[in-house]
Structures are given as structure tokens and as C-alpha cells.
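Next come the chains, spelled out residue by residue.
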Amino acid sequence: MIDMHHPLVVLAGRLPWSRIEAALATKFERSDRPTQQLVAGDMFGEHDVEFGGGVSNGGRPRLSIRLMASLVYLKNSFNLSDEELVQRWSENLYWQFFSGLEYFEPRLPCDATQIGRFRRAIGEEGLELLLQSTIETAVQIKAIKPAELERVIVDSTVMEKAIAHPVDSRLLEIARHKVVSAAKRAGIVLKQTFAKEGKELRRKAGGYAHAKQFRRLKKTVKRQRTILGVVIREVQRRIESPDFAPDNAKAVSDLMMWLERAERIRTQQRHDKNKLYALHAPEVECISKGKARKPYEFGVKVSLAVTHKSGLMVGARSFPGNPYDGHVLAAQLEQTTNLLQDLGRSPTQVIVDLGYRGVDADNPGIEIIHRGRYKSLTLQQKRWLKRRQAIEPMIGHTKSDNRMDRCWLQGALGDALHALSCAAGYNIRWLLRAIARLGVAWIFCVLNFAGRYASIKAFETVWTDKFRQLGLNLFAIKVPALSSSLEPSPI
């Protein structure tokens, strides 16, 4: 039903699935529960009873680790949401073969929410393993030389969070609504919630901002702050009263969280540091990258490392707190070294921009090349430096093709997982292009050497073995059509 020469089919036979399954299986082992003891009574008197010990066999069987790992690969390789991914998987023969199925099954592989749970279960360590497997596969199929892994380009970008543009009037109204809703769930009935007035003030603020009537806008936002303060103080008085007896401890803890965030929204000013830009994502930071088209981006800083010559991604890591670029270089190189340790390589030369100046002491044994020391560079280093900007389109493709333009995952952990998933998806697409390129190169190599053999039979014997070693098996289809037209060379 499928073409065995398809790059995705070839890649399915090259990825180290057995190693991935063995490494991730420990994340899903059932835990050993302690034995519980109770005193029970019957017609013969009281006696001790033990129950609940050992490993439970309850629950439905887990899905195949290879299936879930392949879904993580495919999701970021083809820029799909979880819902779109499972729907297209049920229709795509090649994707099902890539996932380890032997027969086509017109069904969903799993519920879309299980992909997110699998991603959280394996954590950063598991996603680093998936990224490491793509790097080792590239070396195995000889798409990249191991020596190329020692020279990398490092740069940083902003991975934006899935939040609306932060506006004071909108944040104040959302904070009021969140506090009122959380108080209601905790069993607190407020005397006044300002729901109607809050909605009207939000509408007025939007109109005044659009018309550039900033004096009226300032007055409206001030009233919104006053309303939010009234609601916060009323809820706090109800909590501190002796009559307050909550039934749900989680509802009370959620209410305290929303009160703390609402108070931050109410008191923060324009030029304050560590401001809150989204109620549901407090980890979001405002980062300026000097772009004229987009002065400020709201998300987290992500550092990427790619090989200097071939552009294979060998590192992706998020850094909360908006640190200086040079201060994250050591951590990025540490991750890249860990990913390359099974190959016996580590980065020794790093090409960077001027944002990484002055960190040579923090990275001993690493040759840092940037244009700030251009006069002291050798001719070879100057040639390497000319390719530094090659990482910029790679960052662009990672954002447009592999979902790094917007992170929908929750919290700082979600940012770290999303950055690694996008890097793994980028490498899968890189491998698919490399396999197609190598396959075409072998075909032209076959046609070139075919005329040098005096016998077609000798030609078939030599090149069938070479294709069989690559796992492509191209000769079985291509050569029979050619052998009738090829004639023995007089040479």
C-alpha cells in the first residue's frame, strides 16, 4: 500500500525505537503501594487484615510508547494541533507505518488529550532523548559527519506565549471577574460584584484608546482599579471573619492565588519591573529584541544551537527571567554536550553574535568566535563567521513550520517542553530532506557507474548489496527498467 522508498518509511527503519521505548518505559511503571492493615471482626472474633499491597494491575493498558513518541515527532514536524494530528493520523498510511503499525487502521490512535499527558509524563529528559535520537540517526545515515558536531552556531529568540496583548483595562476587568468567580466557588456571597459596571468600563476604555482620548481613558482605568480594590478587600474581610467555614480546601487555595495576582495587577505601574502580563500565565516576560516591526514580545527566551555546516539542531533550551544572552551560553553548551555524549563529540567552537561577548572565562576550552574580535581572527575563523547568520532562517522555519511561534503549554515547564518538541520536529523535517537528497544522489551514482561495467549482471550484483546496506532497496524497482535499455560498454 505504500512506497518503501518514501523518506518517512526509510526514517521509520532508522530511528532507534527500541532504545527510546526502553528509556521511556521507566516513566510509566506502576508504583509499589505499601500494605495497609486494619482490624476486622467476624464470628470468630477480631483479627488483622492486610490489603492494598504490591503493584496494582488496575486500569486500562497503556498505549505503545513508540506510537506516542511518533505522535510527538509528527505533531511538531507538520505543525499540527493535537486534534488535527490524531485526525490526520487515522487517514495517513505513512504516518501509521512510522508509528509501528503493520496494517492500516481507520481509527484515531488515541484521544487528543493523551498526547499532552504523555509529554508531561516523560518531561524534559524524555524530550531530550527524542531530540538526541534524531541527531544520532543523522550521523548513522551519514547525512552529517561527526566532526561537524564540534562547531555550532548559537543564538537566542523569543518564544511567545499564547496570551492577548496586555492592556491595563482588560487585565483589571479579568482580575475582577476571576476573584468574583473564585469567591463564589469558595462559598462567599459578595454584596456587590460590579459585573455590569465593569463590562461597561471595559467597553469605554477600548473606545477612548482607539479615539486617542487619553484623559478619559486614564479616568476610566482609575475607576477600574477602584472597583477591583473594593472587591479584593471585601473578599479578604469575608475570609478573615470567624463565620467563614469553607467546605472545599482547593477552592480556598485557588481564591488566595487569584487574590494575590489581582493585587499585583491593581498595584503595578507602567515602569515597574517583574510585572504581571497575564492572569493565567504569570511566567510571561516582556522581552525587547530591537525589532522595528515588533518592539516587544511577551513570552520566554529560548536558546538554539545548530551545526555550523549542515544546520542540524543540536540544542534547544528555555531560560525564564530574560537573562543576558552571554550568561546562558554555558548552560546551552552543557545541554548540547549531553546530547552528543553518546557520539563521543562535544562543541569546541561556537560562532555567536555580539550579545555573547565577555563570557570566555565562563566557558573554558571553548573557542568563541564573534565579530567583536574580527581583527584578531584567522582567515579560517573569518570564513566561519560569515555563516553565523545562517541560524536566523532556521529560527524562522522553526517558528513557522514547527510551532515555536506560539507556546500553548502551561507554565515554565510547558515552555521547556515546547522548545524541545519544536527542535525535534525541525530535525525530523531535516532528516526527511536528507534522506530524499541521499536517495537521489545514489540514483545518479548508479547511472554514472552503470556504463563502466562490461556486464549488466556484474552491475546488479555490486549495487544491490550497496542499496541493501542503506535500507533503501531502490535497485529492485529502478534497475530492471534500466537494464533493458543499457548496453554493455565496450570499455
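Every value quoted in this text rests on a predicted model; they were computed, and no experiment measured them.

The rules behind the values
Residues numbered from 1 in each chain as written. Predicted model: local features only at pLDDT ≥ 70, side-chain atom pairs only at ≥ 80, totals over all residues. Heavy atoms only, no water. Helix = DSSP H or I, 4+ residues; strand = E, 2+ residues; numbered from the N terminus. Buried < 20%, exposed > 50% of the residue type's maximum accessible area, 1.4 Å probe, protein only. Contact = heavy atoms within 4.5 Å. Areas by Shrake-Rupley, 256 points an atom, 1.4 Å probe, with all protein chains shown as cover. Polar contact = N/O pair within 3.5 Å; in protein donor to acceptor, adjacent residues only side chain to side chain. Phe/Tyr/Trp six-rings, centres within 6.5 Å; stacked < 30°, edge-to-face > 60°. Lys NZ or Arg CZ within 6 Å of the ring centre and 35° of its normal. Axes fitted to C-alpha atoms, helices over the stretch in contact; angles between N-to-C directions. Parallel < 35°, antiparallel > 145°, perpendicular 65-115°, else oblique. Left-handed = near helix turned anticlockwise from the far one by under 90°. Nonpolar A, V, L, I, M, F, W, Y, C, P; charged D, E, K, R; others polar.

A. Structural view of the overall build of the protein chain. When you go through the protein chain residue by residue, the secondary structure sums to 16 helices and 10 strands. The burial tally for the protein chain puts 44% of its 491 residues in the buried class. In the protein chain, the share of contacts with a sequence separation of at least 24, taken over all contacts with a separation of at least 6, comes to 66%. Per element, the accessible surface of the protein chain, about 26,900 Å² overall, is 53% carbon and sulfur.

B. Layout of the side chain of Thr307. Here Thr307 shows up in strand E7 (residues 297–307). A polar side-chain atom of Thr307 sits 2.9 Å from the main-chain amide nitrogen of Leu312.

C. Structural context of the packing of aromatic side chains. Counted according to the given criterion, the structure contains 5 aromatic pairs. Aromatic pair Trp17 and Tyr73: ring centres 6.2 Å apart, planes at 70°, arrangement edge-to-face. Separated by 56 residues along the polypeptide, Trp17 in helix H2 (residues 17–25) and Tyr73 in helix H3 (residues 65–77) bring together distant segments of the chain. Comparing Trp17 with Tyr73, the two get one shared label, buried. An angle of 80° between the planes, with centres 5.4 Å apart, marks the rings of Trp17 and Phe98 as edge-to-face. Of the two residues, Trp17 is situated in helix H2 and Phe98 in helix H5 (residues 93–98); the sequence distance between them amounts to 81 residues. For Trp17, a relative accessible area of 7% puts it in the buried group. Classification of Phe98 by relative accessible area gives buried; the value is 0%. Taken together, Trp17, Tyr73 and Phe98 form an aromatic cluster joined through their ring pairs. Above the face of the Trp258 ring, Arg261 is positioned so that its terminal group lies 5.4 Å from the ring centre. Note that Arg406 overlies the ring of Trp408, its terminal NZ or CZ placed 5.6 Å from the centroid.

D. Quick look at the packing of helix H7 (residues 168–185) against helix H9 (residues 214–240). At a closest axis distance of 10 Å, the pairing of H7 and H9 adopts a crossing angle of 20°. Put simply, H7 runs roughly parallel to H9. As H7 packs across H9, the resulting crossing turns out to be left-handed. Side by side, H7 and H9 meet where Asp168, Ser169, Leu172, Glu173, Ala175, Arg176, Val179, Val180 and Ala183 of the first sit next to Val221, Gln224, Arg225, Ile227, Leu228, Val231 and Val235 of the second. Residues belonging to the contact of H7 with H9 are distributed by class as follows: 10 nonpolar, 2 polar and 4 charged.

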